[in-house]
Amino acid sequence: MQKSILVIWWLGSIGDFSFADNNFLTGANDIIAVVDEDGDIKASPFNVQFGKKDIWLPRAGHVVSLEVNNVAVPVGMVLDSAGQAYFPTLKTEGSSTRQYRFWSALLGMGNPSPNQRTNSATASQLGKLGLAMGPNPIVYRVTTATGTLVTTSAVVHLMNNTARLVVSDIDGTVTKSNIRGMILPVLGLSDWKHRGVVELYKKIADQGYTMVYLTNRAIGQSDMTREYIYSLKETPYHMPRGPVLLQVESLLGAFETEVIKGQPEVNKIAALSRVKGLFPGNPFYSGFGNKAWDILAYKALNMNPDMIFNVEDDSDLVSEGTGIPTNYTALIENVPLLYPLLEV
């Protein structure tokens, strides 16, 4: 009886939790960086979170140093009171001279005003990262006031502005379950996948398309999500590498958005819109999802409905545009037709 009351109280209160500082886990989103014909680079937001699990001190003011391709770079960020990293926009707040102040952080005076912070790197900052075409490992490092070093990592994917992207949801699309796909990785457990999904995605990537894995899992689950995605294989095929983009909320907030409120399309549309803005045209070629909100998000970004596939529980797929049912075997056989080889 007491357990039932506790569960009901938790579900009823989860909305209030989403507005509090519930960032317990540490993680970071991958970054999509796009270079144009003149060599100028634009990038998606640097979404980074250091959770209470790793930094128990008040977090506002901690300096975040960056390392790209195993080399320290002259670009830094700063943590706010919720452990979210940002680039200071005032020169007087440069990471090279800033120092962590415990009492300011404790008393809530460590956060800058909105116009003094951003999570978008400037062209100058991006130019200092030493990026090469393709994946570039990035490590965020924080040394706390007690001398503890805390790190989290991600990947900066540098691509041309002619790249074509294929977006895939993860839970219920790669895995066979939405809720189990969100919860089990937290427990160190994996969920079963749709048979054929690895071979399909690998063959699409071999045609020159970039897979983007978009999920409403919380950003604190980034490491386990990447590990899960890249551990999948169907001999001799392995899941292709690509940007992994998670929801910039706590685990409770992500669960609320996906399960309680049922409005995850808002976050997905926002994330995809930021990516679309990096390109001169629409980079989105195709999308895979298993819920109405996945399809809604893809259509909102003007994907060709014929190339939007709804993945059903039994591993069948339905084209949103034609309404014609298909399966992984048929799609795999028709990859050269559906996903024409791109010129490099």
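Residues numbered from 1 in each chain as written. Predicted model: local features only at pLDDT ≥ 70, side-chain atom pairs only at ≥ 80, totals over all residues. Heavy atoms only, no water.

A. Expanded view of helix 9 (residues 292–300). Of all the residues in helix 9, the buried ones are Trp 293, Asp 294, Ile 295, Ala 297 and Tyr 298. One or two positions beyond helix 9, positive phi appears at Asn 302, with a value near 65°. (Buried < 20%, exposed > 50% of the residue type's maximum accessible area, 1.4 Å probe, protein only. Helix = DSSP H or I, 4+ residues; strand = E, 2+ residues; numbered from the N terminus.)

B. View of the environment of Gly 242. Residue position: Gly 242 is located in the loop between strand 14 (237–238) and strand 15 (244–247). Through-space distance from the C-alpha of Gly 242 to that of Asp 30 is 8.7 Å; in sequence the pair is 212 residues apart. Setting aside anything within four residues of it in sequence, one finds Gly 242 in contact with Asp 30, His 157, Met 211, Tyr 213 and Tyr 230. (Contact = heavy atoms within 4.5 Å.)

C. Looking closely at the layout of surface pockets. As a volume, the largest pocket reaches approximately 530 Å³. Considering the residues around the largest pocket, the lining is formed by 20 residues, among which Met 159, Asn 160, Ala 163, Gly 208 and Thr 210 are closest to the centre. For the lining of the largest pocket, the secondary-structure elements that each account for two or more residues are strand 9 (134–143) and strand 10 (149–160). In terms of residues, the lining of the largest pocket owes the most to one element, strand 10, which gives four residues. Its residues assigned to classes, the lining of the largest pocket shows nine nonpolar, eight polar and three charged. Roughly 350 Å³ of internal volume is contained in the second largest pocket. Asn 47, Leu 246, Val 248, Asn 267 and Ala 271 are, among the 20 residues lining the second largest pocket, the residues nearest its centre. Contributions of two or more residues to the lining of the second largest pocket are made by strand 12 (210–218), strand 15 and helix 8 (265–276). For the lining of the second largest pocket, the element with the most residues is helix 8, which contributes six residues. Split by residue class, the lining of the second largest pocket holds eight nonpolar, eight polar and four charged. (1 Å grid on protein atoms, 1.4 Å probe; cavity = no way out; pocket = protein on both sides within 12 Å on 5 of 7 lines; lining within 4 Å. Points joined across faces, edges and corners; volume = space filled by probe spheres on them. Nonpolar A, V, L, I, M, F, W, Y, C, P; charged D, E, K, R; others polar.)

D. Region of interest: the sheet that holds strand 10. Here we have eight strands laid out as an open sheet, ordered 3-2-10-9-5-6-7-8, and mixed in their pairing. Each end of this open sheet is capped by a strand with a single partner; those strands are strand 3 (41–43) and strand 8 (117–118). In terms of strand pairing, strand 9 meets strand 10 through 10 bridges, oriented antiparallel. Residue pairing across strands places Pro 135 opposite His 157, the latter belonging to strand 10. (Pairing = 2+ DSSP bridges.)

E. Spatial organisation of the pattern of salt bridges. Applying the stated rule across the entire model yields 10 salt bridges. For Asp 169, the salt bridge identified is with Lys 268, shortest N-O distance 3.0 Å. Note that Asp 169 is positioned in the loop between strand 11 (165–168) and helix 4 (179–183) and Lys 268 in helix 8, a separation of 99 residues in sequence. When the shortest N-O distance is used, the salt bridge between Asp 294 and Lys 268 registers 2.5 Å. Of the two residues, Asp 294 sits in helix 9 while Lys 268 sits in helix 8, which places them 26 residues apart along the sequence. Overlapping salt bridges, with partners in common, bring together Asp 30, Asp 223 and Arg 226 in one network. (Salt bridge = Lys/Arg side-chain N within 4 Å of Asp/Glu carboxyl O.)

F. Main features of helix 6 (residues 222–231). What helix 6 keeps buried is the set Ser 222, Thr 225, Arg 226, Tyr 228, Ile 229 and Tyr 230. Contacts from the buried residues of helix 6 go to strand 1 (27–28), strand 10, strand 12 and strand 15.

G. Summary view of the sheet that holds strand 17 (residues 308–311). Read across the sheet, seven strands follow the order 15-12-11-16-17-18-19 without closing on themselves; strand pairing throughout is mixed. Two strands lie at the open edges of the sheet, namely strand 15 and strand 19 (325–327), each paired on one side alone. Shown here is a sheet whose adjacent strand axes are inclined to one another by a mean of 25°, direction ignored. Examined bridge by bridge, strand 17 and strand 18 (residues 316–319) share three bridges and lie antiparallel to one another. Across the sheet, Phe 309 pairs through a bridge with Ser 319, a residue of strand 18. Along the sheet face, helix 6 touches strand 12 and strand 15 and points at about 140° away from the line of strand 15. (Axes fitted to C-alpha atoms, helices over the stretch in contact; angles between N-to-C directions.)

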